[in-house]
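What follows is each chain in one-letter form.
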Amino acid sequence: MAKFDIIAATGCPTGIAHTFMAKEALEKAAAERGLTIKVETHGQVGVENELTKSEIAGAKAVVVAADKDVQAERFAGKRMVSVGVSKALSVEAAGKLIDRALAAKGDDSVAAAADVEDEVEEKESIGHIIYKHLMNGVSHMLVFVVAGGVLTAVSFLWGITSFDSTASDYNSFAAMLKIIGGIAMNLMVPVLSAYIAESIGKRPALVPGFVAGMIAIQGLPVNAETGMIDAGGAGVGFGFLGGIVGGFLAGYVILLLEKVFAGLPKNLDGLKAIFLYPLFSTAIVGLVMLGISGPMAAINTAMMDFLKGLSASGAVVLGLAIGCMCAFDMGGPVNKAAYVTGTAMLTEALAAGVGTDTYNFGTNFMAAVSAACIVPPLITTFAVVVGKKYFSQEDHDAGIVNLILGCTHITEGAIPFMTKNIWPVMPIMMLGSSIASILTIMFNVHDPAPHGGFLVLPVVENGPLWVLAILIGAVVGGILFVAFKKHDFEKNQKAAPVAKPVEASKAAAVEAPKAEAADFVKVENVFVAEDFASRDEALSFVSNQAVKAGIASDADAVMNAFLAREAEGTTGMMEGFAIPHAKSDAITEAAVIVVKDESGVTGWDTMDGAPVNVAIALLIPGAQAGTTHLKILSKVAEALMDEDFRGTVKGSTDAAEIAKTINARLV
């Protein structure tokens with residue numbers, strides 16, 4: 001059985017994007033450190049890459065990056081870091097988590113010092129614990145909402161009243177779809193409640209959790225004639241808020257009962273699990289839920305009235321609130337709050353029936369939420385196409401993929417763009433989403449499906465206007481995003497200092513390679529027969545050679561500059577090439593060092609997954625970061641598009657020929 005230095009578990013509420021983004025970041029961060037890692041993911045399809053007992057036992061440290069229950073009790077006694085999944089979405093952040101986990105295995109004082117700035121996450125604050133339990137319920141609930149909502153929406157294709165046997169557009173198949181969809185949607189609150197409870201009290205909490213959820217749907221039954229509690233009467237449900245309260249209540253009641261029954265003999269454990277826990281927990285939770293049904297129903301009604309009040313204030317107010325919430329953290333807790341509210345209102349809308357005010361408001365609200373969630377990834381697609389030269393190749397590729405993600409209502413693809421420049425990218429995303437939401441409300445769009453993006457267009461009322469609203473939001477946001485990137489690009493180009501004439505003249509002298517550029521790449525700086533075990537070993541070799549050649553004064557500073565650039569995005573290209581670049585004040589003159597490894601450097605992330613055979617390393621003084629750096633980099637990148645250039649450099653073992661070939665492209 002293989003052993004791993006690090007084991008990890010990731011999980012986000014939806015199990016769609018964050019889960020696997022964190023997995024990839026952790027794997028890359030471990031590879032950079034020369035560590036082996038296995039990451040278990042808790043996604044919508046279930047647990048994948050599951051950790052075994054022997055793997056857990058043999059690991060040096062554990063990283064848990066999850067906003068849902070991942071059975072962390074399995075790791076009891078291990079050195080562990082536990083944070084929300086959003087804390088591990090970049091390679092840099094994931095690397096810090098790994099370092100902290102490894103620090104914990106040695107001297108406790110060292111671990112404590114390493115954890116000071118993230119002390120709240122390490123101790124798992126009450127807020128994160130509550131959020132994790134809540135998101136465990138939400139993640140299980142969403143699939144019921146999506147399946148039920150889409151099936152119900154599809155039933156409308158035969159007519160708005162096609163499920164009604166007395167209507168002229170009745171269709172039996174549509175009626176069956178409506179029945180199935182309605183059942184799935186009605187399970188939303190019980191499933192939410194049950195799996196919040198399960199996250200707290202494990203399997204025994206499922207029974208009281210489901211019961212609490214059902215009570216939240218129906219409320220306290222009262223006989224209309226006598227005014228007394230009556231099992232045959234009717235009650236007022238209190239929705240998903242009641243499900244949340246019931247879930248936490250059920251979970252903690254189970255924990256309480258475990259303490260109460262802890263003194264019973266061990267041979268009665270089976271009796272506790274199958275009789276005592278379900279009986280007492282269901283009775284306690286059921287009585288409490290029925291007892292608070294009145295106040296909870298009032299709170300639920302007040303919340304809905306508040307949202308409708310926002311609508312009464314105008315489309316701008318409501319749309320702005322929806323757009324800002326959905327784009328604030330793109331799949332995080334604020335986004336989920338807006339989305340879950342939308343699905344809850346959609347459930348009430350579908351239950352109320354087509355044509356009612358409740359239906360019209362709920363489906364319009366859901367359409368605005370969906371529009372706001374679709375816009376951010378489309379903003380990045382527009383930006384990387386229109387402003388291609390201002391984005392790295394990695395960003396460009398990610399932006400193109402976001403076209404698919406956005407069209408299918410997956411917002412998370414925009415997160416990497418926002419994390420690089422929270423200001424002003426986050427406000428740009430919020431503005432674009434708000435515009436789409438406001439226009440959706442103004443255009444009177446109604447979406448009876450809670451997910452699916454443009455795939456559910458056939459059932460969306462005023463669908464073309466909905467698409468128009470989304471495109472307007474995406475284009476406005478995209479234009480602003482390109483404007484920001486253009487400004488940032490031009491600012492970097494003008495970054496060379498002019499304070500000291502001597503330094504300015506020196507910078508100008510090296511601002512670009514000499515016209516003839518015959519010896520910019522020196523033969524002695526081309527190494528054709530190297531053998532590197534990893535990317536970091538290759539970069540360390542280049543850093544040390546730079547010092548030996550008088551190009552730099554501090555190898556560690558150069559190495560850190562290389563790694564800082566790799567953390568922003570890999571410099572691995574395609575067909576065995578990489579163009580690492582370091583910008584540092586420790587570099588005294590602009591230069592290029594070339595290293596070749598015929599067997600290939602593994603662990604260097606490349607666009608086609610192939611190992612790196614040739615690394616053309618750029619070393620740039622800090623003062624020339626926006627001038628010489630960009631000019632050389634653009635010329636090298638352009639050269640790599642030439643098949644003849646690639647073939648000559650990759651196929652030659654003659655340092656002089658390689659130097660001449662590259663110099664010719666730097667003129």
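Cut-off values and rules
- Residues numbered from 1 in each chain as written.
- Predicted model: local features only at pLDDT ≥ 70, side-chain atom pairs only at ≥ 80, totals over all residues.
- Heavy atoms only, no water.
- Helix = DSSP H or I, 4+ residues; strand = E, 2+ residues; numbered from the N terminus.
- Buried < 20%, exposed > 50% of the residue type's maximum accessible area, 1.4 Å probe, protein only.
- Areas by Shrake-Rupley, 256 points an atom, 1.4 Å probe, with all protein chains shown as cover.
- Phe/Tyr/Trp six-rings, centres within 6.5 Å; stacked < 30°, edge-to-face > 60°.
- Lys NZ or Arg CZ within 6 Å of the ring centre and 35° of its normal.
- 1 Å grid on protein atoms, 1.4 Å probe; cavity = no way out; pocket = protein on both sides within 12 Å on 5 of 7 lines; lining within 4 Å.
- Points joined across faces, edges and corners; volume = space filled by probe spheres on them.
- Nonpolar A, V, L, I, M, F, W, Y, C, P; charged D, E, K, R; others polar.
- Patch = residues over 30% accessible without salt bridge, like charges linked within 9 Å, V, L, I, M, F, W, Y side chains within 5 Å.
- Salt bridge = Lys/Arg side-chain N within 4 Å of Asp/Glu carboxyl O.
- Pairing = 2+ DSSP bridges.
- Axes fitted to C-alpha atoms, helices over the stretch in contact; angles between N-to-C directions.
- Contact = heavy atoms within 4.5 Å.
- Core = buried A, V, L, I, M, F, W, Y, C linked by side-chain atoms within 4.5 Å.
- Left-handed = near helix turned anticlockwise from the far one by under 90°.
- pLDDT = per-residue confidence, 0-100.
- Expected span 1.5 Å × (residues − 1).
- Arc of directions from axis to C-beta.

K.L.:
Is there a simple way to think about the overall build of the protein chain in this case?
P.N.:
Tallying secondary structure elements over the protein chain gives 25 helices and 10 strands in all. Burial analysis of the protein chain (667 residues in total) assigns 50% to the buried set. When the accessible surface of the protein chain is split by element, carbon and sulfur atoms take 63% of a total near 28,900 Å².

K.L.:
Honestly, the packing of aromatic side chains in this entry has me stumped. Any pointers?
P.N.:
The description of an aromatic ring pair rests on the distance of the ring centres and on the angle between the ring planes. A complete count under the given rule lists 13 aromatic pairs for this structure. Ring geometry for Phe391 versus Phe481: centroids 5.4 Å apart, planes at 80 degrees, classification edge-to-face. Residue Phe391 is found in the loop between helix H15 (357-386) and helix H16 (393-407), and its partner Phe481 is found in helix H19 (residues 463-493); the two are separated by 90 residues along the sequence. Comparing Phe391 with Phe481 shows no difference in burial state: the two are buried. Above the ring of Phe163, the side-chain terminus of Lys178 is found at 4.7 Å from the ring centroid. One residue, Lys485, lies across the ring of Phe391, its end atom 5.2 Å from the ring centre.

K.L.:
What am I meant to see in empty space enclosed by the protein here?
P.N.:
Rolled over the atoms, a probe as big as a water molecule pinpoints where empty space is left. Inspection of every chain in the model, using the stated rule, returns one cavity of 30 Å³ or more. Considering only enclosed or pocket space, the largest cavity measures out at about 30 Å³ in volume. Considering the residues around the largest cavity, the lining is formed by Phe532, Ala538, Val595, Lys596, Asp597, Val601, Val612, Asn613, Val614 and Ala615. Within the residue set of the lining of the largest cavity, elements represented by two or more residues are strand E9 (591-601) and strand E10 (612-621). Among the residues making up the lining of the largest cavity, the classes are represented as seven nonpolar, one polar and two charged.

K.L.:
Honestly, a nonpolar patch on the surface in this entry has me stumped. Any pointers?
P.N.:
Together, Leu271, Ile274, Phe275, Leu279, Phe280, Ile284 and Val288 make up a nonpolar patch on the protein surface, roughly 620 Å² of accessible area in all. Relative to the assigned elements, Ile284 resides in helix H11 (residues 269-291). Among the residues examined, Ile284 registers a relative accessible area of 35% and is labelled partly exposed.

K.L.:
What should I look at first to understand the sheet that holds strand E3 (residues 46-48) in this one?
P.N.:
Paired through their backbone hydrogen bonds, the strands of a sheet run either parallel or antiparallel. One open sheet holds the five strands; their spatial order is E3-E2-E1-E4-E5, and the pairing between them is mixed. Every interior strand has two partners, whereas the edge strands, E3 and strand E5 (80-83), have only one. Strand-to-strand twist in this sheet, taken as the mean axis angle between neighbours without regard to direction, amounts to 10 degrees. Lying over the sheet, helix H3 (residues 91-103) contacts strand E1 (6-11), strand E2 (37-43), strand E4 (61-66) and E5, oriented at roughly 140 degrees with respect to E4.

K.L.:
Quick question: what am I supposed to make of the pattern of salt bridges here?
P.N.:
Opposite charge on two side chains lets them pair, provided their charged atoms get close. Tallied over the full model, the rule gives 16 salt bridges. The partner of Asp536 in a salt bridge is Arg535, with the nearest N and O atoms 2.9 Å apart. For Asp536, a relative accessible area of 19% puts it in the buried group. Owing to a relative accessible area of 7%, Arg535 belongs among the buried residues under this scheme. Glu566 serves as the salt-bridge partner of Arg535, at 3.7 Å between the closest nitrogen and oxygen. Highlighted residues: Arg535 in helix H21 (residues 535-548) and Glu566 in helix H22 (residues 555-568), separated in sequence by 31 residues. Residue Arg535 shares its accessibility class with Glu566, and that shared class is buried. Overlapping salt bridges bring together Glu32, Arg33, Asp99, Arg535, Asp536 and Glu566 as one network.

K.L.:
Got a minute to help me understand the nonpolar core in this structure?
P.N.:
As a rule of thumb, soluble globular proteins bury nonpolar side chains together. Counting 60 residues, the largest nonpolar core has Leu26, Val63, Ile98, Trp466, Ile470 and Phe481 as the members making the most contacts within it. In terms of residues, this core owes the most to one element, H15, which gives eight residues. Excluding residues that lie within four positions of it along the chain, Trp466 makes contacts with Ala367, Ser370, Ala371, Ile374, Thr440, Val445, Asp447, Gly453, Phe454, Leu457 and Val460. The next biggest cluster of nonpolar side chains, apart from the first, holds 57 residues, and it includes Ala212, Phe261, Leu276 and Ile441.

K.L.:
Can you walk me through the packing of helix H6 (residues 126-155) against helix H8 (residues 188-201) in this structure?
P.N.:
Describing two packed helices takes the angle between their axes plus the distance from one axis to the other. For the pair H6 and H8, interaxial distance at closest approach is 7 Å and the crossing angle is 145 degrees. When you trace H6 past H8, the crossing you get is right-handed. Facing Lys132, His133, Leu134, Asn136, Gly137, Val138, His140, Met141, Phe144 and Val145 of H6, the residues of H8 in contact are Met188, Val191, Leu192, Tyr195, Ile196, Glu198, Ser199 and Ile200. Taken together, the residues of the contact of H6 with H8 sort by class into 11 nonpolar, five polar and two charged.

K.L.:
Sorry if this is basic, but what is going on with the confidence of the model for the protein chain here?
P.N.:
In regions of low pLDDT, the predicted coordinates are not meant to be interpreted in detail. Put simply, the protein chain has an average pLDDT of 85, and 90% of its residues get 70 or more. Long-range and interchain partners of residues 496-518, a stretch whose pLDDT sits below 50, account for 24 contacts in this model, where long-range means more than four residues apart.

K.L.:
Quick question: what am I supposed to make of the environment of His396 here?
P.N.:
Within the fold, His396 resides in helix H16. Take His396: its relative accessible area is 14%, and that puts it in the buried class. As for His396 and Thr380, which are separated by 16 residues in sequence, their C-alpha atoms are 8.7 Å apart. Excluding anything up to four places from it in sequence, His396 contacts Val384 and Lys388.

K.L.:
Sorry, what's going on with the side chain of Ser370 here?
P.N.:
Its location among the elements puts Ser370 in helix H15. Residue classification places Ser370 among the buried positions, given a relative accessible area of 1%. The residues contacting Ser370, other than those within four sequence positions of it, are His409, Asp447, Pro450 and Trp466.

K.L.:
Please explain helix H1 (residues 18-32) as it appears in this structure.
P.N.:
Along an α-helix, a turn takes 3.6 residues, which lines up residues three or four apart on a common side. Look at H1: 21 Å from first C-alpha to last across 15 residues, which is about the 21 Å you get at 1.5 Å a residue. Considered for burial, the residues of H1 that qualify are His18, Thr19, Met21, Ala22, Ala25, Leu26, Ala29 and Ala30. Along the axis of H1, the buried positions cluster into a sector of 165 degrees, meaning they face one direction only. In this fold, the buried residues of H1 make contact with E1, E2, E4, H3 and helix H17 (415-420). Gly34 sits one or two residues past H1 and shows a positive phi near 70 degrees.

K.L.:
Explain the environment of Gly478 to me, please; I cannot follow it from the model alone.
P.N.:
Positionally, Gly478 belongs in helix H19. On the accessibility criterion, Gly478 (0% relative accessible area) is buried. For the pair Gly478 and Ile379, spaced 99 residues apart in sequence, the C-alpha separation works out to 4.5 Å. Excluding anything up to four places from it in sequence, Gly478 contacts Ile379, Phe382 and Ala383.

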